[in-house]
Structures are given as structure tokens and as C-alpha cells.
Amino acid sequence: MIEDLFFIEKQAYRESLMHRLDARVKIILAFAVIIAIVAVPYSIMVYTVGATFFLFFLILWAVSKLPLSVYGKRLVAIVPIWGIIILFQIFFKNKYYTDYHVLYTLPLGISIYTESVEFASILAVKFLISISFIILLSSTTKMQDLLQGASRLGLPAEIALALGMMIRYLFVFGYIFRKVNETLKTKCFDAFDRHLPYRYRLRQLGYTIGTMFIRSYEQGERVYTSMLCRGYGRESHLFITKKPLRGFEWAFLIISLTFIIAVPVTIWLTALRFF
Amino acid sequence: MHLIETRDLCYSYPHSVRALEGINFIAPRNARIAVIGSNGAGKSTLFKHFNGIFKPTSGSILIRGEPITKVNIREVRKFVGIVFQNADDQIFSPTVEQDVAFGPTNLGLDEETIHHRVHEALKIVGIEDLAGRVPHHLSGGEKKRVAIAGVIAMEPEVLVLDEPTAGLDPQGVHDLIGFINSLSKQYGMTVIFSTHDVSLVAEVADYIYVMNKGRFVAEGTVEQIFMQPDMLKSMRLDVPVLPKLLRSLQKQGVPVSMAYTYEDAENALVQAYKGKS
């Protein structure tokens, strides 16, 4: 998990047109796609809209020059969270359908419905598109740029300051975690080493986690002290300068937004179906 | 009127023994003051009183002749800048520029002034090219400079450095010596620092306070303090290598005058050699 943090950062530091694009453009783009796909009614029309958006995503991903394996790895990492939610939908009826037809009957009176499977697949498309654009955003934008972009778009100063500190100390603790791990390895401790007693391994892990908690608490105290030394108060905020978007960025943003709005509207009006 | 003055300052941590006992400290204008002492002597605790982070249990602390109150606390923190030992405690913003700008932003300055101050501070510590970098990509020495720049950007008149050489490589220590001296000579700032590194003290300080178990056990000029090797040893400290060597040579009959800095020691040895030949 901690190593994923460094992995994401490594991708965000690559060089491409997508990486150079102002964070605000990418944030607006990602949120526009998410709102558009979520706003599409629960019908099979979602497949066509989803496929068009996914194609758009693939083009942008290609522009970012990132390997598809990066996308794959990050997508798989999120599957346990959203995959289970979607999978369970096939066993339940929902408010979007009135008639249900049993597709399979399982023991203990559990049934899988055709309509529920369709609903789950629609949900999967919506999730996939939303997550893909979030992955694109976070893989091509440095965390500090994301924060600055969000602040320039109107994120409240208090939240920006807290998020800024969170980003900073996420990495500080990432490095501390690495050092603790290295120390444990130096002392030949492996939590999965079956030669060591189970209780002993559990206790050592408990100590390690406890130490991390204490260190984070103490770090928090020291940081707060140093913030006070530099005049921290109710009005404190991150220093973020004004930065106008360049002509190219405006053009890209307008064209992309037009496309994102036009796709679901056109498909809805023309009843165009790819599937 | 002194910039900082403490009178019989005492401090106890909650549910703990006394950390400071009867501290009388004076920081005049444009001075370079070293507070030396072993671990746990109370140096950091004392420093935290200089800008109102800690309040004395008894005694008083005066900043430009005035006690620290809720009304003047912001002004005091602008006046006395503290750089802590661990730079990671002090760098809490996502980028170097934003971190250095934190103090000036809190002072309510306009964007242009903040920008100017940030880049001036980065220039003074020699890391202007790191403005857009993220702190976790910096080396220990670079982080230390960022932490110092963050305090300098507030334009304090007194700079307090807690163990400034901790974790620095020899070049980093050398740069820091030059930097501390330039703050005093070029900008007329008062610099107060704590250290275990006695060789650094001779190069940088005009006046020394020796601390042990929350008390000042000695104070004086570099010469006055380093003439007491037994006292320093009993405080788990030592005399710097150069005066130690010169004293040893003197004892063996070499007519060499005492010196404490590298430059002075070099001159003393050259003079002794020339005198002999």
C-alpha cells in the first residue's frame, strides 16, 4: 500500500502532453466525465456512452505515454473495493426494474436475476469509466499540482491547508515505514516466517504499529509547535499564486467538455447503440 | 534594552521534574550566541520560551523589554524565528515554495511581497532552484536550508537554531558556518544556536552559555569557556581540537599563542614556526 504511493508519484513525474496540462483542466475533465456517466439513466444506453468515454480515455492514456500495465495495476488494486459491491447486485432486486426473471437458482433459495445482472453490468460500466478517469488524473498529475489546481478552482483554504499537510506527511510516514521495514529485515524478522511463533510475530507487529502511532502523535505535536512559531492562526492558508490557463489548455478544455456533454445527449436523442 | 532577556526563568513539564532552573540569559543586538550542553540539558526547552511556545513556571522572559502576552505573541514570533532540529517537523507544505511562504502568508502580506520574500529567503540559503520541488525529494542538508528559509522569510531579527548541524555532512556544516556568520555581518541579525559540536562554536559564536541539567553552569567569551577544560569534561563536553593541540604544545614548551578558530590557529602556528627559525 505504501509502495503504491511511491509508484503513483513516479508515474506522475513522467513527461508528456497530458502531464504538462494544467491540473485544473484535468480535474474538470475527470469530474465532467464522472458526472456525465453517472447522470446517464440506468438503461443499456450506458454501454454505448461508456464505450465512447472509454475510447476517449484510451486516447488520453496513449497521449500520456504511460504503459497500459500501470492502468491495469491500479485498476486491479481497486477491484476488491468496488467489485464486491457490484457482484452482490446480481442477487438482489432493485428499484429500476419492475419485472424480474430468474437466470439461475442457487441453493438456500438464492436466485440470480437477468435484470439484476444487467443492472450490475451497468453499474460496472459506470464504475469503470469513473475510476479510469480518476486513475488518469492521478497518474498524470503530481499531488501538489492537484492540490493547487483544486485550490484555484475554489477548494476552501482550510481544506487545502489540511490536505497539503496530509500529502507532505503521507510521504514522511511512507519513508518512516520503509525504514522500520528495513530495520525489521536487518534483524531477520519476517511476519510471514512460519518458523517463528505466531504469537511472537503478532506481538512484534503490534509493537511496530504502536510505535508508528506514537511517532505520528509526537510528530503532530512537533509540527504544531513549529506552525505556531511561524504565525499559524485562524487565517492561515497555503500560498497559491494566480495562474491563467494557456490558450491550448482552454481549447482542450472546451473541446473535451463539448464532447463529454454531446456524447450522452446524442446517444440518448438518436438511440444509437453499439451493443 | 536587550532583544531577549530572561530573569530567573524556571520551567517544569507537567508531572515532571524541573527542566529549567533560574535561567538568566541575555541576547543583545547583532550577537552570535551559542548554548552548549549535553543531551537533555534543557537547550530546546529554553529556546521554546523565546517565542512564547512555552510559558515560564516562574521568572520572566522579556522580548525587547516587554513580556510576551496574547496581544504581542504574533509580533514576538515574527521577531524571534526558531529553526528546529528535525527539518521534517518544520516543513509541512507540499512544495518548498509553499512552505517558505507559510510564515509571510500568516503575516497577512500581499502576494507580490510574499513572492519576493520567498525568493529572497531561498536565495540567501542558496536553494532558489529548489522552489518547485517537493520536500521528500530533498537531501537532509537541503531540507535544513528550506527550514531556515521558511523562518528567514518572516524577516526575524533574532534567529534561533536548535542543533543546526545535526545530520549535516562536512560541506553542509561548512556552508552553515558561513551562513550564520553572514546573517550577523550582512543583515545585523542576532543568532542563537545550540550544539554539541564545540569546534563549530569557536568558528561562529561571540558568547557562550554552558548548560547542564536545566541550569547555566558557565557563561563567557569563547576564550573564557574553553580555558576550563575540566568544567567542560564534567558536562560531557570537550575543548575543540585546535585549542587543545595548542595548549598541549604550550605545555611542551612551544612558544605558540592560543587560538580557537582555524584561521587564528594557522596564524599562531606560522608565527611560532617563523619565530623559531
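Calculation notes
- Each chain has its residues counted from 1, running along the sequence as written.
- Chain letters start at A and ligand numbers start at 1, both assigned in the order the entries are written.
- In keeping with the predicted nature of the model, local features appear solely for residues at pLDDT of at least 70, side-chain atom pairs appear and are counted solely at 80 or more, and the whole-chain, interface and lining totals rest on all residues.
- Helix and strand assignments come from DSSP, with helices taken as H or I runs of at least 4 residues and strands as E runs of at least 2, each series counted from the N terminus.
- Computation of the radius of gyration draws on C-alpha atoms, with the globule rule given as 2.2 Å multiplied by the number of residues to the power 0.38.
- In this scheme the burial state of a residue depends on its C-beta neighbours within 10 Å: 20 or more other such atoms mean buried, 12 or fewer mean exposed, and anything in between means partly exposed; the C-beta positions come from the backbone.
- Contact between residues is assigned whenever the C-beta positions, reconstructed from backbone atoms, fall within 7 Å.
- Structural elements are reduced to axes, namely lines fitted to C-alpha atoms, with helices fitted over the stretch in contact, and the angle between N-to-C directions of any two is expressed from 0 to 180 degrees.
- If an angle is under 35 degrees, it is roughly parallel; if it is over 145, roughly antiparallel; if it lies from 65 to 115, roughly perpendicular; otherwise it is oblique.
- Any residue outside Ala, Val, Leu, Ile, Met, Phe, Trp, Tyr, Cys, Pro, Asp, Glu, Lys and Arg is labelled polar, Gly included; the first ten of those are nonpolar and the last four are charged.
- Values of pLDDT, the confidence the predictor places in each residue, fall between 0 and 100.
- A pair of strands is considered paired only if DSSP assigns at least 2 bridges between the two.
- The path from the first strand over the helix to the second decides the hand: if it runs clockwise while the strands point away from the viewer, the crossover is right-handed.
- Each domain's extent is set by a domain assignment, obtained either automatically or from a database.
- We define the nonpolar core as any set of buried residues of the types Ala, Val, Leu, Ile, Met, Phe, Trp, Tyr and Cys, connected via C-beta atoms lying within 7 Å of each other.
- The span you would expect from a helix comes to 1.5 Å times its residue count less one.

## Brief notes about the overall build of chain B
Logical step 1: Each helix and strand in chain B was counted, giving 12 helices and 10 strands.
Logical step 2: Taken against the 2.2 N^0.38 rule, which gives 19 Å for 277 residues, the C-alpha radius of gyration of chain B at 20 Å falls within 12% of a compact globule.
Logical step 3: With respect to the three principal axes, the spread of C-alpha positions in chain B is 65 × 45 × 35 Å.
Logical step 4: Out of the 277 residues in chain B, the part that is buried amounts to 46%.
Logical step 5: For chain B, restricting intrachain contacts to residue pairs at least 6 apart in sequence, the fraction spanning at least 24 positions comes to 63%.

## As for the packing of helix H3 (residues 23-39) of chain A against helix H6 (residues 114-140) of chain A
Residues and elements named next belong to chain A.
Logical step 1: Between H3 and H6, whose axes approach to 9 Å, the crossing angle comes to 175°. With respect to H6, the axis of H3 lies roughly antiparallel. Counting all contacts with H3, which are made through Lys26, Ile27, Ala30, Val33, Ile34, Ile37 and Val38, the residues of H6 involved are Lys126, Ile129, Ser130, Phe133, Ile134, Leu136, Leu137 and Thr140.
Logical step 2: Of the residues that constitute the contact of H3 with H6, the class distribution is 11 nonpolar, 2 polar and 2 charged.

## Focus on the confidence of the model for chain B
Logical step 1: For chain B, per-residue confidence averages 91 on the pLDDT scale, and residues scoring 70 or more make up 99% of the total.
Logical step 2: Confidence metrics for the complex model read pTM 0.81 and ipTM 0.77.

## Some words on the pairing of strand S7 (residues 158-162) of chain B
The side chains of a regular strand alternate between both faces of the sheet.
Residue and element names in this part refer to chain B.
Logical step 1: Counting buried positions along S7 gives 5 out of 5 residues, so the element sits mostly inside the fold.
Logical step 2: The side-chain alternation of S7 yields two buried faces, one formed by Val158, Val160 and Asp162 and the other by Leu159 and Leu161.
Logical step 3: The sheet contact formed by strand S6 (residues 80-83) and S7 spans 4 bridges and is parallel. Bridge pairing in S7 links Ile82 to Val160.
Logical step 4: As paired elements, S7 and strand S8 (residues 190-195) share 5 bridges and run parallel to each other. Within the sheet, the bridge partner assigned to Leu159 lies in S8 and is Val191.
Logical step 5: Viewed along the sheet, the connection from S7 through helix H7 (residues 170-187) into S8 turns out right-handed.

## Here we look at the sheet that holds strand S1 (residues 4-12) of chain B
Residue and element names in this part refer to chain B.
Logical step 1: With respect to topology, 4 strands assemble into an open sheet ordered S2-S1-S4-S5, the strand pairing being antiparallel. The open sheet is flanked by strand S2 (18-27) and strand S5 (66-67), the only strands paired with a single partner.
Logical step 2: As defined by bridge partners, S1 adjoins S2 across 6 bridges and the pair is classed as antiparallel. Residue pairing for S2: Thr6 is matched across the bridge by Phe25.
Logical step 3: The strands that helix H1 (residues 43-50) touches are S1, S2 and strand S4 (58-63); relative to S1, the one it contacts most, it runs at about 125°.

## Concerning the domain arrangement of chain B
All names here are of chain B.
Logical step 1: Partitioning chain B into structural domains gives domain 1 (4-226) and domain 2 (240-277).
Logical step 2: Here the C-alpha centre of domain 2 lies 33 Å away from the C-alpha centre of domain 1.
Logical step 3: Counting residues at the interface gives 7 residues for domain 1, matched by 5 residues for domain 2.
Logical step 4: For the side of domain 1 that touches domain 2, the elements supplying multiple residues, two or more each, are helix H8 (198-204) and helix H9 (222-226).
Logical step 5: When residues in the side of domain 1 that touches domain 2 are grouped by element, the largest group, 4 residues, is from H8.
Logical step 6: Considering only residue class, the side of domain 1 that touches domain 2 consists of 4 nonpolar, 1 polar and 2 charged.

## Structural notes on the packing of H3(A) against helix H10 (residues 247-270) of chain A
When two helices pack together, their arrangement is given by the angle between the helix axes and the distance between those axes.
Residue and element names in this part refer to chain A.
Logical step 1: H10 packs onto H3 with a crossing angle of 5° between their chain directions and a minimal axis gap of 10 Å. Relative to H10, H3 is oriented roughly parallel. Along the contact surface, H3 presents Val25, Ile28, Leu29, Ala32, Val33 and Ala36, while H10 presents Glu249, Phe252, Leu253, Ser256, Leu257, Ile260, Ile261 and Pro264.

## Focus on H1(B)
Residues and elements named next belong to chain B.
Logical step 1: A large share of H1 lies buried, amounting to 6 of its 8 residues.
Logical step 2: Along H1, the positions that sit buried rather than exposed are Lys43, Leu46, Phe47, Lys48, His49 and Phe50.
Logical step 3: Gly52 sits one or two positions beyond H1 and adopts a positive phi of about 80°.

## Observations regarding the environment of A:Lys10
Residues and elements named next belong to chain A.
Logical step 1: Note that Lys10 resides in helix H1 (residues 2-12).
Logical step 2: A residue is classified by how many C-beta atoms lie within 10 Å of it, and Lys10, with 11 of them, is exposed.
Logical step 3: Sequence separation between Lys10 and Val265 is 255 residues; the distance between their C-alpha atoms is 38 Å.

## What to know about the environment of A:Leu5
Residues and elements named next belong to chain A.
Logical step 1: Along the chain, the position of Leu5 falls in helix H1.
Logical step 2: The exposure class assigned to Leu5 is partly exposed, which follows from the 15 C-beta atoms found within 10 Å.
Logical step 3: Spatially, the C-alpha atom of Leu5 lies 11 Å from that of Lys142, the residues being 137 residues apart in sequence.

## What to know about the nonpolar core
Nonpolar side chains in soluble globular proteins generally cluster together in the buried interior.
Logical step 1: Within the largest apolar cluster, 95 residues are counted, with the highest numbers of intra-cluster contacts made by B:Ala149, B:Val160 and B:Val201.
Logical step 2: Excluding residues within four positions of it along the chain, B:Val160 makes contact with B:Phe47, B:Phe50, B:Val80, B:Gly81, B:Ile82, B:Val83 and B:Ile192.
Logical step 3: Ranked by size, the runner-up nonpolar core spans 28 residues in total, among them A:Val33, A:Leu66, A:Val125 and A:Ile260.

## Observations regarding the pairing of strand S1 (residues 102-106) of chain A
Residues and elements named next belong to chain A.
Logical step 1: Little of S1 is tucked away: 0 of the 5 residues are buried.
Logical step 2: Note that S1 and strand S2 (residues 110-113) share 4 bridges and pair antiparallel. The partner of Thr105 across the bridge, within S2, is Ser111.
Logical step 3: With antiparallel pairing between neighbouring strands as the criterion, S1 and S2 make up a hairpin whose turn holds 3 residues, including Leu108 at a positive phi of roughly 65°.

## Structural notes on the interface of chain B and chain A
Logical step 1: Between chain B and chain A, the residue contacts involve 29 residues of the former and 27 residues of the latter.
Logical step 2: Elements with a minimum of two residues in the side of chain B that touches chain A: helix H2 (73-79), helix H3 (87-90), helix H4 (96-106) and helix H5 (111-124) of chain B.
Logical step 3: Sorting elements by how many residues they give to the side of chain B that touches chain A places H4(B) first, with 6 residues.
Logical step 4: When grouped by side-chain class, the residues that make up the side of chain B that touches chain A number 12 nonpolar, 11 polar and 6 charged.

## Brief notes about H10(A)
Residue and element names in this part refer to chain A.
Logical step 1: With 24 residues, H10 should reach 34 Å at 1.5 Å per residue; the first-to-last C-alpha distance of 33 Å fits that figure.
Logical step 2: Those residues of H10 that sit buried are Ile260, Val263, Pro264 and Ile267.
Logical step 3: Residues of H10 that are buried sit in contact with H3 and helix H4 (45-63).
Logical step 4: Phi turns positive one or two residues past the end of H10, at Ala271, with a value near 55°.

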